[in-house]
Amino acid sequence: MGGNDARRGRPARLSRELIVEAALEIVGREGGDALSMRRIADALGSAPMSLYRHVRDKDELLVLLLDRVVGGLARPVLPGEPRERLIALLTWQHDRLAERPWVVDVLARGDVMAPSVLWLLEEIYAAWRACGLPLERAVAANRIAWAFTLGDLAQRGRRRPRDREPYQVSVPAGADPAAYPHLAALGAYWRAPDRREHFADDLAALVDALTAGA
């Protein structure tokens, strides 16, 4: 393939498809921070400026990457009941992102959206509406649910220190009971190994709160 040709000294014949493939290999192996036009050009044995004949800029490249990834995913089988349908959609979205931390970084940092995700947004908004929310409230509810999802994914993606207890555990767990009685009473919670593994229950509670009275 093109990468082998480049290593043998014959630059690959550039195309948008080849650039996307090289970028996907980089982010899959090294994460989103490793992606740059120069990094892709080096992988293809080309000059960075040559890439711009095929993609306008890095943002367009990210859109192409997301479109490729989302377009290749099998859509979920959804329940008919509105609340369960909504939770299934939001859970599917969360779990697919959790499998690809580099996508979370891209979505959190940039103004990027792929056309292949439009079906998911349409289904999610339709589910909020089916739960009784007018469209204006559905927008606000989904914004809150998206922020909650990104927050959970960001926590999961953080590297844990190997030589000490994480500060987010040791600081509240070691709080002075006289000054911080509520934090001290939660000592077992801070150190629970599954403290961050409650997404499903928390999501259900959030959906119920956002649709209450609808």
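Predicted, not measured: the structure shown is a model, and the values here were computed from it.

A. How the structure looks around the nonpolar core. Counting residues in each nonpolar core, the largest one holds 30 residues, and the members touching the most others are Leu35, Ile40, Leu61, Leu65 and Trp102. If you list the elements that add at least two residues to this core, you get helix H2 (16-30), helix H3 (37-44), helix H5 (58-71), helix H7 (101-109) and helix H9 (135-157). Looking at this core element by element, the count peaks at eight residues for H2. Counting residues in hydrophobic clusters, the runner-up holds 24 residues, among them Ile87, Ala145, Phe199 and Val207.

B. A look at the packing of helix H6 (residues 82-98) against helix H13 (residues 199-211). In the contact formed by H6 and H13, the axes pass within 11 Å of each other and the chain directions differ by 135 degrees. Looking at the two axes, H6 sits oblique to H13. Of the two possible hands of crossing, H6 and H13 adopt the one that is right-handed. Here H6 contributes Arg83, Leu86, Ile87, Leu90, Thr91 and His94 to the contact with H13, which in turn contributes Phe199, Leu203, Ala204, Val207 and Asp208. Of the residues in the contact of H6 with H13, the class split is seven nonpolar, two polar and two charged.

C. The arrangement of the environment of leucine 120 in detail. Structurally, leucine 120 can be placed in helix H8 (residues 118-130). Overall, leucine 120 belongs to the buried group, its relative accessible area being 4%. Contacts of leucine 120, omitting those with residues within four sequence positions, involve Leu89, Trp92 and Gln93.

D. Up close: the packing of aromatic side chains. If you walk through the whole model with that rule in mind, you get three aromatic pairs. Between arginine 164 and the ring centre of tyrosine 167, over which it is positioned, the NZ or CZ distance is 3.8 Å.

E. Up close: the side chain of threonine 149. Within the secondary structure layout, threonine 149 lies in helix H9. Look at threonine 149 and you get buried, because its relative accessible area is 1%. If near-sequence neighbours (up to four positions away) are discounted, threonine 149 is found in contact with His94 and Phe199.

F. Main features of the confidence of the model for the protein chain. Confidence along the protein chain averages 88 in pLDDT terms, with 93% of residues attaining 70 or more. For residues 1-8, every residue scores under 50 in pLDDT, and the model assigns this stretch five contacts once sequence neighbours within four places are set aside.

G. Examining the packing of H2 against H3 more closely. Look at H2 against H3: their axes get within 10 Å of each other, and the N-to-C directions meet at 110 degrees. Comparing their axes, H3 and H2 come out roughly perpendicular. Contacts between H2 and H3 involve Leu18, Ile19, Ala22, Ala23, Ile26, Arg29 and Glu30 from the first element and Arg39, Ile40, Ala43 and Leu44 from the second. Classifying every residue of the contact of H2 with H3 by side-chain character gives eight nonpolar, no polar and three charged.

Each value, and the rule that gives it
- Residues numbered from 1 in each chain as written.
- Predicted model: local features only at pLDDT ≥ 70, side-chain atom pairs only at ≥ 80, totals over all residues.
- Heavy atoms only, no water.
- Core = buried A, V, L, I, M, F, W, Y, C linked by side-chain atoms within 4.5 Å.
- Buried < 20%, exposed > 50% of the residue type's maximum accessible area, 1.4 Å probe, protein only.
- Helix = DSSP H or I, 4+ residues; strand = E, 2+ residues; numbered from the N terminus.
- Axes fitted to C-alpha atoms, helices over the stretch in contact; angles between N-to-C directions.
- Parallel < 35°, antiparallel > 145°, perpendicular 65-115°, else oblique.
- Left-handed = near helix turned anticlockwise from the far one by under 90°.
- Contact = heavy atoms within 4.5 Å.
- Nonpolar A, V, L, I, M, F, W, Y, C, P; charged D, E, K, R; others polar.
- Phe/Tyr/Trp six-rings, centres within 6.5 Å; stacked < 30°, edge-to-face > 60°.
- Lys NZ or Arg CZ within 6 Å of the ring centre and 35° of its normal.
- pLDDT = per-residue confidence, 0-100.

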